[in-house]
Amino acid sequence: MEGLTASYIFDHLAPKFIEDNPGFPCRVNAVVSIDILGEGGGSWTFDLTDNPRVYRGLADDAKCTLTVSASDFYALLAGGSLSDCLEAFKQKRINFRGHLPTALRLERLLVSLAKDPAIAEHSRI
Amino acid sequence: METEARALEGTRPVDDPAVEEKISFDKQAIPTHYDLPPAFFASFLGPWMAYSCAYFVDEDGSLERAEEDKLLLTAKKLRLKEDDCILDVGCGWGSFIFFAAEKYGCRAVGTTLSEEQARLVNTLAAERGLSDRIRADVLHVYEMDYPDASFDKIVTIGAIEHMEDLGRVFARCSALLRDDGLFLVHGMTQPWRSREETLAGIRTESDDLLEEHFGVGHWHSLWEVIEALEKNDFEVLDHENITNHYKLTVERWLERLIDGEEKIVGEITPEEKYREFIAFFASYIFSFEMNNTLCNQILCRKIKRGELRPNLPLTREHMILHSKEA
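Worth saying up front: this structure is predicted, and the values here are computed from it rather than measured. (Residues numbered from 1 in each chain as written. Chains lettered and ligands numbered in written order. Predicted model: local features only at pLDDT ≥ 70, side-chain atom pairs only at ≥ 80, totals over all residues. Heavy atoms only, no water.)

> Please clarify how the overall build of chain A should be interpreted in this entry.
Of the regular secondary structure elements, chain A holds seven helices and five strands. Of the regular secondary structure in chain A, the N- to C-terminal order runs α-α-β-β-β-β-α-α-β-α-α-α. For chain A, whose C-alpha radius of gyration is 13 Å, the value lies close to the compact-globule estimate of 14 Å for 125 residues. Viewed in the frame of its principal axes, chain A has a C-alpha envelope of about 40 × 30 × 25 Å. Here chain A holds 125 residues, and 50% of them are scored as buried. Across chain A, contacts joining residues at least 24 apart in sequence account for 69% of those joining residues at least 6 apart. Carbon and sulfur atoms form 50% of the exposed surface of chain A, whose accessible area is close to 6,100 Å². Here chain A contributes 13 positively and 16 negatively charged side chains, and the mean placements of these two sets differ by 6 Å. (Helix = DSSP H or I, 4+ residues; strand = E, 2+ residues; numbered from the N terminus. Rg over C-alpha atoms; globule rule 2.2 N^0.38 Å. Buried < 20%, exposed > 50% of the residue type's maximum accessible area, 1.4 Å probe, protein only. Contact = heavy atoms within 4.5 Å. Areas by Shrake-Rupley, 256 points an atom, 1.4 Å probe, with all protein chains shown as cover. Lys, Arg positive; Asp, Glu negative; His and termini not counted. Charge placed at Lys NZ, Arg CZ, Asp CG, Glu CD.)

> Got a minute to help me understand the nonpolar core in this structure?
The nonpolar side chains of soluble globular proteins are, as a tendency, buried together. Core analysis: the biggest nonpolar cluster contains 81 residues, and Phe10 and Phe46 of chain A together with Phe44, Tyr51 and Phe281 of chain B have the highest contact counts within it. Not counting residues up to four positions away in its chain, the partners in contact with phenylalanine 10 of chain A are Pro15, Ile34, Ile36, Trp44, Phe46, Val54 and Phe73 of chain A. If you look at the next biggest cluster of nonpolar residues, it comprises 30 residues, including Val19, Val89, Cys173 and Val185 of chain B. (Core = buried A, V, L, I, M, F, W, Y, C linked by side-chain atoms within 4.5 Å.)

> Teacher, can you tell me more about the sheet that holds strand E2 (residues 42-47) of chain A here?
Note: strands within a sheet are paired through backbone hydrogen bonds, in either parallel or antiparallel orientation. Residues and elements named next belong to chain A. In space, the five strands of this open sheet follow the order E3-E2-E1-E4-E5, with mixed pairing throughout. Two strands in the sheet have a free side with no partner beyond their single neighbour: strand E3 (53-56) and strand E5 (94-98). Looking at each pair of strands side by side, their axes are set apart by 20° on average, direction ignored. One ladder, built from five bridges, connects strand E4 (residues 64-69) with E5; its direction is antiparallel. Paired with valine 68 across the strands is isoleucine 94, a residue of E5. Contacts from helix H1 (residues 6-20) reach strand E1 (31-37), E2 and E3, with the element oriented near 10° to E2. (Pairing = 2+ DSSP bridges. Axes fitted to C-alpha atoms, helices over the stretch in contact; angles between N-to-C directions.)

> Is there a simple way to think about empty space enclosed by the protein in this case?
One water molecule sets the probe size; rolling that probe over the atoms shows where empty space is left. All names here are of chain B. Counting across every chain of the model gives two cavities of 30 Å³ or more. Reported here for the largest cavity is a volume of approximately 560 Å³. Around the largest cavity sit 44 residues that line it, and Tyr34, Gly90, Gly158, Ala159 and His162 are the ones nearest its centre. If you list the elements that add at least two residues to the lining of the largest cavity, you get helix H1 (17-29), helix H2 (31-34), helix H4 (63-77), strand E1 (85-89), helix H5 (95-104), strand E2 (107-112), helix H11 (243-259) and helix H13 (271-289). (1 Å grid on protein atoms, 1.4 Å probe; cavity = no way out; pocket = protein on both sides within 12 Å on 5 of 7 lines; lining within 4 Å. Points joined across faces, edges and corners; volume = space filled by probe spheres on them.)

> Would you mind going over the pairing of strand E3 (residues 134-138) of chain B with me for this structure?
Residue and element names in this part refer to chain B. For E2 and E3, the ladder comprises five bridges, and the chain directions are parallel. Pairing of threonine 112 across the sheet is with valine 138, part of E3. Traced from E2 through helix H6 (residues 115-127) to E3, the parallel crossover comes out right-handed. (Right-handed = clockwise from strand over helix to strand, strands pointing away.)

> Got a minute to help me understand the sheet that holds E1 of chain B in this structure?
Residue and element names in this part refer to chain B. Across the sheet, seven strands lie side by side as E3-E2-E1-E4-E5-E7-E6; this open sheet has mixed pairing. Strands with a single pairing partner mark the edges of an open sheet, and in this sheet they are E3 and strand E6 (234-241). Each strand of the sheet is rotated relative to its neighbour by a mean of 15°, with strand direction disregarded. Here E6 pairs with strand E7 (residues 294-302) via seven bridges, running antiparallel. Across the sheet, the residue bridging to phenylalanine 234 is lysine 302, located in E7. Each of strand E4 (151-157), strand E5 (177-189), E6 and E7 is contacted by H4, which is oriented at about 25° to E7, the strand it contacts most.

> Is there a simple way to explain unusual backbone geometry in this structure?
Negative phi characterises most residues that are not glycine, and trans characterises most peptide bonds. The backbone of aspartate 233 of chain B sits at a positive phi, close to 70°, despite the residue not being glycine. Positionally, aspartate 233 of chain B belongs in the loop between helix H10 (222-230) and E6.

> In this structure, what is going on with the packing of aromatic side chains? I would like to understand it.
Pairs of aromatic rings are described using the distance from one ring centre to the other and the angle between the two planes. Residues and elements named next belong to chain B. The full count for this structure, using the stated rule, is 33 aromatic pairs over all chains. Ring plane angle 45° and centroid distance 5.6 Å describe the contact between tryptophan 253 and phenylalanine 281, whose orientation is recorded as tilted. Residue tryptophan 253 is located in helix H11, and its partner phenylalanine 281 is located in helix H13; the two are separated by 28 residues in the primary sequence. For the residue pair tryptophan 253 and phenylalanine 281, the accessibility class agrees, reading buried in each case. In this arrangement the basic side chain of arginine 128 is found over the ring face of phenylalanine 98, its NZ or CZ atom lying 4.6 Å from the centre. Its guanidinium or amino end placed over the ring of tyrosine 142, arginine 168 lies 5.5 Å from that ring's centre, counting from NZ or CZ. (Phe/Tyr/Trp six-rings, centres within 6.5 Å; stacked < 30°, edge-to-face > 60°. Lys NZ or Arg CZ within 6 Å of the ring centre and 35° of its normal.)

> I'm lost on the interface of chain B and chain A in this one. Help?
Interface size is commonly expressed as the accessible area that is lost once the parts come together. Contact residues are listed per partner, giving 17 residues for chain B and 19 residues for chain A. Summing both partners gives a buried area of about 1,600 Å² for chain B against chain A, and 61% of it is carried by carbon and sulfur. Where chain B meets chain A, there are two salt bridges. A salt bridge links glutamate 271 of chain B to lysine 92 of chain A, with the shortest nitrogen-to-oxygen separation between them at 3.1 Å. The interface formed by chain B and chain A contains six residue pairs in polar contact (both at pLDDT 80 or more). (Buried area = accessible area lost by both parts, 1.4 Å probe. Salt bridge = Lys/Arg side-chain N within 4 Å of Asp/Glu carboxyl O. Polar contact = N/O pair within 3.5 Å; in protein donor to acceptor, adjacent residues only side chain to side chain.)

Spelled out as structure tokens, the structure:
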């Protein structure tokens, strides 16, 4: 994970994507949390309702909370594929609480992040 | 781009090696999904075991009510009568044929590719004293060899998604239906822009997910379905878009799967299969939400040019779910 941190993704890239794509929060219209376990992990929440923002920590009112190991998270992020994420779920590498279809609405963010040079570079490491 | 539906008159055409190959492939691929233990499907479906879009009067409605309302709505559109003989193409666990026999007194034959489904339907029919009125046959849709004009009404619910050549299927249905008979096609389609990509060989994630789960998936556009109907002597009497109903239906199935995890995984199916269905239903809902998958009911009548047009209902009142009119 050298050169790529969760903070870079959630504190920089994701907010920029939301800012650049004002239609995206309307498309999601929900609160989704993600709990990344292990070294390089942490917890973040996408509040994509009235005042869209990304913040540290889990939300009690999240419509869906995803749990994934840091190594799986970075690998899936680099892949940028919803199918791969669902495959990881089938293999118990991702778990969830709440309403899973809502989390799938983050697909465009996933696809966009995978194209970031730092994430793409990470996938080649 | 081959979108032209073929009009095959009176086909009984397993005379083509390519078709035989297709039938053989479907017979292996499709039952892998439907031959799972009925107890697994019963863990998330409603009491009628209808594995297709239900019909919700309101967003908070129960699956039980919506499942029965869909069957009632379908029966009303077909104007079922006691002496009707019905064919259900792709009958699943027999929800519609049981409904038609038990609520209207009809005789009904269902076809399925799943031995497991046919066994269950025929066993239940015997247990309920309905063997003289209900039967399920294990038969590919291209192999329906019943005598021509055997049926007053034909229905296919949630099965066209497995049918590659709708022209061939509808031609056979046209031959099997008596003149002036009604045909109701209920199934999923995709918007033309998505269909165009599929036809151009561009696979979408939805294509992959659905095909992976069902073994065989053919997502036509609505106009292709209607084209195939019209080219086989059907006039469209009514079309209803029921996409939002299907999203609500799958939401209910997903809730039941999640609520029943302990019992389902412990007693009915391996966890891997359980999680496969959770993922599938989640992606299904997402696909409806993003307008990648649509669902329709199309009511048709078999017509003959030059024959006197009968009196038909002038309004849709008879097919409003809880209208008093039959």
